[in-house]
Amino acid sequence: MVLLHIGAFQFDLDGHRTTPWHSLEPRTRVLCAGLMVLAIAFTPNGHWWTWAAYGLAIVALVWLSRVTWPVLLKRVAIEFSFIATVLLGTLFNPGGEVVWQWGWFKITSLGLTILGSVASKALLCLLLLNFLTLTTPIPALLQSLVQLRVPPLLVAILASMYRYIGVLVDEFAAMRQAASSRNLAVSSRRRQRSVMGNMFGALFIRTYERGERVHQAMLARGYSGLPSVRDLPQGGIKDTVALTAIALITLSGQALYWPHLLSK
């Protein structure tokens, strides 16, 4: 289970490498990722060559940045497994030719196109965003969002979520150690499920109470509910070149299906 390994979880695992991507300012990395995500999301359904071009660009960027591939793929797989349950509903979209039918269940060519398109968008966006969080320290990422005029309240919510994960990890580690000391691993499967269910309920209560204490401690130290703004280094020529290259890649990908639209 994923929660059994949550104690070893770290967001910016590859945030201190020396590569051209890491030499860019955090704000530039956020802008590059944002441009790619927008281009991927706004591509119409069924334009596979455009997503293939974006996928090759993302894979090349990940390879040049020397990211830990097993960690990146594991995170994408876990997140995509939750999205996949929602995506299955698009498979039964009415319209197009019927490919398979069983009673009132119908899989059509339009449903397959929509499913493949949405899955491609989700997979590429997850790969890109996980790559961003793996290579960029979270405090620098939050400060970049503030400098990019993201609503301060939204940034404050993200910052609180990030800090609260640490509280969750500490509480779960203590509960897991207590369960291990009581020989949970050698008990029956039914007993394990019962104990895990009780652990999740107790975890919610304990983290809620501890979260309140953490919030009171933050208020006592002058926390106003909004993130503090500090100056980050300004971008140089490398940042300009990177943004220009990403913009050209996104425009080139969009240009792959423009002739098809003009011919209609």
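The shown structure was predicted, so the numbers you read here are calculated from the model rather than taken from an experiment. (Residues numbered from 1 in each chain as written. Predicted model: local features only at pLDDT ≥ 70, side-chain atom pairs only at ≥ 80, totals over all residues. Heavy atoms only, no water.)

Participant: Outline the overall build of the protein chain, listing residues and values.
Facilitator: Summing up its helical and strand segments, the protein chain has 9 helices and 2 strands in all. A burial count over the protein chain gives 33% of its 264 residues as buried. In the protein chain, 75% of the contacts between residues at least 6 apart in sequence involve partners at least 24 apart. Carbon together with sulfur atoms contributes 68% to the accessible area of the protein chain, which is approximately 16,300 Å² in total. (Helix = DSSP H or I, 4+ residues; strand = E, 2+ residues; numbered from the N terminus. Buried < 20%, exposed > 50% of the residue type's maximum accessible area, 1.4 Å probe, protein only. Contact = heavy atoms within 4.5 Å. Areas by Shrake-Rupley, 256 points an atom, 1.4 Å probe, with all protein chains shown as cover.)

Participant: Tell me about the environment of Ala140, and name the residues and values.
Facilitator: As for its position among the elements, Ala140 is in helix α5 (residues 138–147). Sequence separation between Ala140 and Arg27 is 113 residues; the distance between their C-alpha atoms is 8.4 Å.

Participant: Just give me the short version of the packing of aromatic side chains, but keep the residues and values in it.
Facilitator: As enumerated under the stated definition, the model contains 2 aromatic pairs in all. Between the aromatic rings of Trp21 and Phe131, the centroid separation amounts to 5.1 Å while the plane-to-plane angle is 40°, which identifies the pairing as tilted. Here the residue Trp21 occupies a position in the segment before α1 (26–41), and Phe131 occupies one in helix α4 (residues 109–135), the gap between them amounting to 110 residues. The pair Trp21 / Phe131 is uniform in exposure class, with both members buried. Centre to centre, the rings of Trp48 and Trp51 are 5.5 Å apart; their planes meet at 65°, and the pair counts as edge-to-face. (Phe/Tyr/Trp six-rings, centres within 6.5 Å; stacked < 30°, edge-to-face > 60°.)

Participant: For the environment of Ser109, give the residues involved together with the corresponding values.
Facilitator: Its place among the elements puts Ser109 in helix α4. Taking the C-alpha atoms as reference, Ser109 lies 6.3 Å from Val99; in sequence the two are 10 residues apart.

Participant: So what about the confidence of the model for the protein chain? Which residues, and what values?
Facilitator: Taken as a whole, the protein chain shows an average pLDDT of 80; of its residues, 85% reach a score of 70 or greater. Least confident of the elements in the protein chain is helix α9 (residues 258–262), whose mean pLDDT is 63; most confident is α1, at 93. Under a pLDDT of 50 for its full length, residues 1–8 has, in the predicted model, 12 contacts with residues more than four places off or in other chains. (pLDDT = per-residue confidence, 0-100.)

Participant: So what's going on with the side chain of Gln254? Residues and values would help.
Facilitator: Summarising the element assignment, Gln254 is placed in helix α8 (residues 237–255). A relative accessible area of 11% means that Gln254 is categorised as buried. Within the local environment of Gln254, its side chain forms a polar contact with the side chain of Thr43, the two groups lying 3.1 Å apart. Not counting residues up to four positions away in its chain, the partners in contact with Gln254 are Ala39, Thr43, Thr50 and Tyr54. (Polar contact = N/O pair within 3.5 Å; in protein donor to acceptor, adjacent residues only side chain to side chain.)

Participant: So what's going on with the environment of Val71? Residues and values would help.
Facilitator: Within the element layout of this structure, Val71 appears in helix α3 (residues 69–87). For Val71, a relative accessible area of 23% translates into the label partly exposed. A sequence separation of 60 residues divides Val71 from Phe131, and the C-alpha atoms of the two residues are 10.0 Å apart. Val71 has contacts with Leu13 and Leu134, leaving out every residue within four places of it along the chain.

Participant: Kindly report on the pattern of salt bridges, identifying the contributing residues and their values.
Facilitator: Throughout the structure, instances matching the rule amount to 1 salt bridge. The salt bridge involving Asp14 is made with Arg17; its shortest N-O contact spans 2.9 Å. What makes Arg17 partly exposed here is its relative accessible area of 34%. (Salt bridge = Lys/Arg side-chain N within 4 Å of Asp/Glu carboxyl O.)

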